[in-house]
Amino acid sequence: MKILLLTAATGGGHIRAANAVEEYIRENTGWNVRTVDCLKAVGRLLDKTVCDSYLFMAKKAPMLFGRLYKRTNKQNMISHLVPKLSGLFSNMLYPAIEGYNPDVIITTHPFATEMVADLKGDGLVKAPLICIITDYGAHRAYIAREVDSYVVASDDMVPELREFGVPLEKICPFGIPVHGVFFDPQDQKMLLRQLSLDPELPTLLFMAGSFGVSNIIKLYRDLAATQVKMQIIVITGRNQKLFDAFEKEIEAAPAIPTRLIYFTDEVEKYMHAADLLVTKPGGLTVSEALACNLPMAVFDAIPGQEEDNARFLKTHDMCVRIEKGSDFAQEISQLLQEKKRLQAMRENCAGFDKSQSMPNMLSLISQLTAREVRA
């Protein structure tokens, strides 16, 4: 069997979800699997235009992004723009699909979903189409009649999709796919010793790469100024400017034990070591933290899908939301001292168990291909 995964690099979550599915299929089946960036396959100009526009709006004009997100999520002329634009480019994606001749196509991005749906509608593609929605709220851009199944984050999304006209039998609340290492239980105290940190101190993890430098440094200073005993792990990702700023800050304020990490491909290790994660609520980061049973303090949610993610976490008491203008240091330090509340949040995260997402995905693929053969 041949599986084609179609994704795009507007944010890292779509690609991380596709990579997790690809890795699981390779390790657990004899199937062939290939991942293709649909925007790059169409052309460099489209890829650069879409990705650069997304990054600009998300970082420099989040309120504008939020308004566009909401407008396109309503049934109006603007909501039909994405399918129409995708239809224009679908024929340019077709050679990448035809050349591989997949038995099943899995998409993790709305543009990919719309393009494949357009090709299926024209009869050019026959393979079943599985759409993975990589956030905790549904958006109309993902919705197309030709999608055979939607894999979604939780049962909470079922009513939303039903309102968009998706039949119940097409909705599979398996959970957003993440790499299996996030579900593997770890000895927290042993991990902290390996990191030369104190197993008895509350441990705060900053996933800081997508924050503004001055913003996150101020939060760190405010925490360092409190009297609450804690230790901090900071992961800056490939943000060299932020890494350099933290290095100087840590040297200037050594009172709070801090482990500074640049880029790492072992994020799960630091999540398993932590008691609380401070992060922007991206869909994949949230899903990885939940797999580690790690409560969150979510900050700077981009209006739109990150707001949906934050709302989901707050509804199920798996996070605290740090609003602009609030006393960040006070809220975080108080939560770290409230061990019963933090433990209750951790138990809520553990109760949201999506560890069978991948096995369920394989079963779904088998069901859809068997149905295709019968048809």
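The structure displayed is predicted, hence computed values, not measured ones.

Visitor: Would you mind going over empty space enclosed by the protein in detail, with residue names and values included?
Guide: For the structure shown, the criterion picks out one cavity of 30 Å³ or more. The computed volume of the largest cavity comes to approximately 80 Å³. Taken together, Tyr136, Ala153, Gly175, Ile176, Val178, Phe183, Ser287, Leu290, Ala291, Phe352 and Lys354 form the lining of the largest cavity. Broken down by class, the residue content of the lining of the largest cavity amounts to eight nonpolar, two polar and one charged.

Visitor: Quick one: what's the story with the sheet that holds strand β8 (residues 231-235), residue by residue and with numbers?
Guide: Two strands in a sheet stick together by hydrogen bonds in their backbones, pointing the same way (parallel) or opposite ways (antiparallel). Read across the open sheet, the six strands follow the order β9-β8-β7-β10-β11-β12; overall the sheet is parallel. Sheet topology places β9 (258-261) and β12 (319-322) at the edges, where each strand pairs with a single neighbour. On average, each strand axis in the sheet is tilted by 15° relative to the strand beside it, whichever way the strands run. With three bridges joining them, strand β10 (residues 276-279) and strand β11 (residues 296-299) adopt parallel strand pairing. Considered in β11, the bridge of leucine 277 is made with methionine 296. Where helix α13 (residues 305-315) meets the sheet, its contacts fall on β11 and β12, and the angle it forms with β12 comes to roughly 130°.

Visitor: Describe helix α12 (residues 283-291), listing the residues and the values that go with them.
Guide: Among the nine residues of α12, nine are classified as buried, and the element is accordingly described as predominantly covered. If you follow the buried residues of α12, they end up packed against α1 (13-28), α11 (267-273), β10, β11, α13 and α15 (339-351). Within two residues after α12, asparagine 293 carries a phi angle of roughly 60°, on the positive side.

Visitor: Break down the pattern of salt bridges for me, citing the residues and quoting the values.
Guide: Tallied over the entire structure, the rule returns 14 salt bridges. A salt bridge links lysine 189 to glutamate 200; the shortest N-O distance between them is 3.4 Å. Separated by eleven residues along the polypeptide, lysine 189 in helix α8 (residues 188-194) and glutamate 200 in the loop between α8 and β7 (203-207) bring together distant segments of the chain. In this structure glutamate 200 comes out as exposed when scored by relative accessible area, which is 60%. Note that lysine 218 and aspartate 222 form a salt bridge whose closest N and O atoms lie 2.9 Å from each other. On the criterion of helical spacing, the pair formed by lysine 218 and aspartate 222 is a turn pair, its members being four residues apart in helix α9 (residues 213-224). Residue classification places lysine 218 among the partly exposed positions, given a relative accessible area of 48%. Bridged by salt links that share partners, the residues Glu307, Arg321 and Glu323 form one connected network.

Visitor: Could you give me a rundown of the environment of glutamine 186, with the residues and numbers involved?
Guide: Looking at the secondary structure, you find glutamine 186 in the loop between β6 (171-172) and α8. Distance from glutamine 186 to alanine 273, taken between C-alpha atoms, is 8.1 Å for residues 87 residues apart in sequence. Once you skip the residues sitting within four places of it in the chain, glutamine 186 turns out to touch Leu191 and His272.

Visitor: Got a sec to walk through the packing of helix α14 (residues 328-337) against α15? Specific residues and values, please.
Guide: Remark: α14 packs on α15, axes separated minimally by 5 Å, with the N-to-C direction vectors making an angle of 85°. Classified by the interaxial angle, the pair formed by α14 and α15 is roughly perpendicular. On α15, the residues that touch Leu335, Leu336 and Gln337 of α14 are Lys339, Arg341, Leu342 and Met345. Residues belonging to the contact of α14 with α15 are distributed by class as follows: four nonpolar, one polar and two charged.

Visitor: How would you explain the pairing of β8 if you had to name every residue and give the values?
Guide: Of all the five residues making up β8, five are buried; the element is thus mostly covered by neighbouring parts of the structure. Burial along β8 is two-sided: Gln231, Ile233 and Ile235 and Ile232 and Val234, pointing in opposite directions, are all buried. Alignment of β7 against β8, held across five bridges, turns out to be parallel. Residue pairing in the sheet places threonine 203 in a bridge with glutamine 231 of β8. Where β8 and β9 come together, four bridges link them in parallel fashion. For isoleucine 232, the partnering residue across the bridge sits in β9 and is threonine 258.

Visitor: Give me the lowdown on the nonpolar core, citing residues and values where you can.
Guide: Formed by 74 residues in total, the largest nonpolar core has its most connected members in Met271 and Leu290. The residues touching methionine 271, leaving out its near neighbours within four places in the chain, are Phe182, Leu205, Met207, Leu277, Thr285, Glu288, Ala289, Cys292 and Leu294. Ranked by size, the runner-up nonpolar core spans 30 residues in total, among them Leu219, Leu242, Val320 and Leu336.

Visitor: How would you summarise the pairing of strand β4 (residues 129-132) if you had to cite specific residues and measurements?
Guide: Of the two faces of β4, the one carrying Leu129 and Cys131 and the one carrying Ile130 and Ile132 are both buried. Regarding the hand of the β-α-β motif, the stretch spanning strand β3 (residues 104-107), helix α6 (residues 110-121) and β4 is right-handed. Pairing of β4 with strand β5 (residues 149-151), which is carried by three bridges, proceeds in the parallel orientation. Bridged to isoleucine 132 within β5 is valine 151.

How each quantity is defined
Residues numbered from 1 in each chain as written. Predicted model: local features only at pLDDT ≥ 70, side-chain atom pairs only at ≥ 80, totals over all residues. Heavy atoms only, no water. 1 Å grid on protein atoms, 1.4 Å probe; cavity = no way out; pocket = protein on both sides within 12 Å on 5 of 7 lines; lining within 4 Å. Points joined across faces, edges and corners; volume = space filled by probe spheres on them. Nonpolar A, V, L, I, M, F, W, Y, C, P; charged D, E, K, R; others polar. Pairing = 2+ DSSP bridges. Helix = DSSP H or I, 4+ residues; strand = E, 2+ residues; numbered from the N terminus. Axes fitted to C-alpha atoms, helices over the stretch in contact; angles between N-to-C directions. Contact = heavy atoms within 4.5 Å. Buried < 20%, exposed > 50% of the residue type's maximum accessible area, 1.4 Å probe, protein only. Salt bridge = Lys/Arg side-chain N within 4 Å of Asp/Glu carboxyl O. Parallel < 35°, antiparallel > 145°, perpendicular 65-115°, else oblique. Core = buried A, V, L, I, M, F, W, Y, C linked by side-chain atoms within 4.5 Å. Right-handed = clockwise from strand over helix to strand, strands pointing away.

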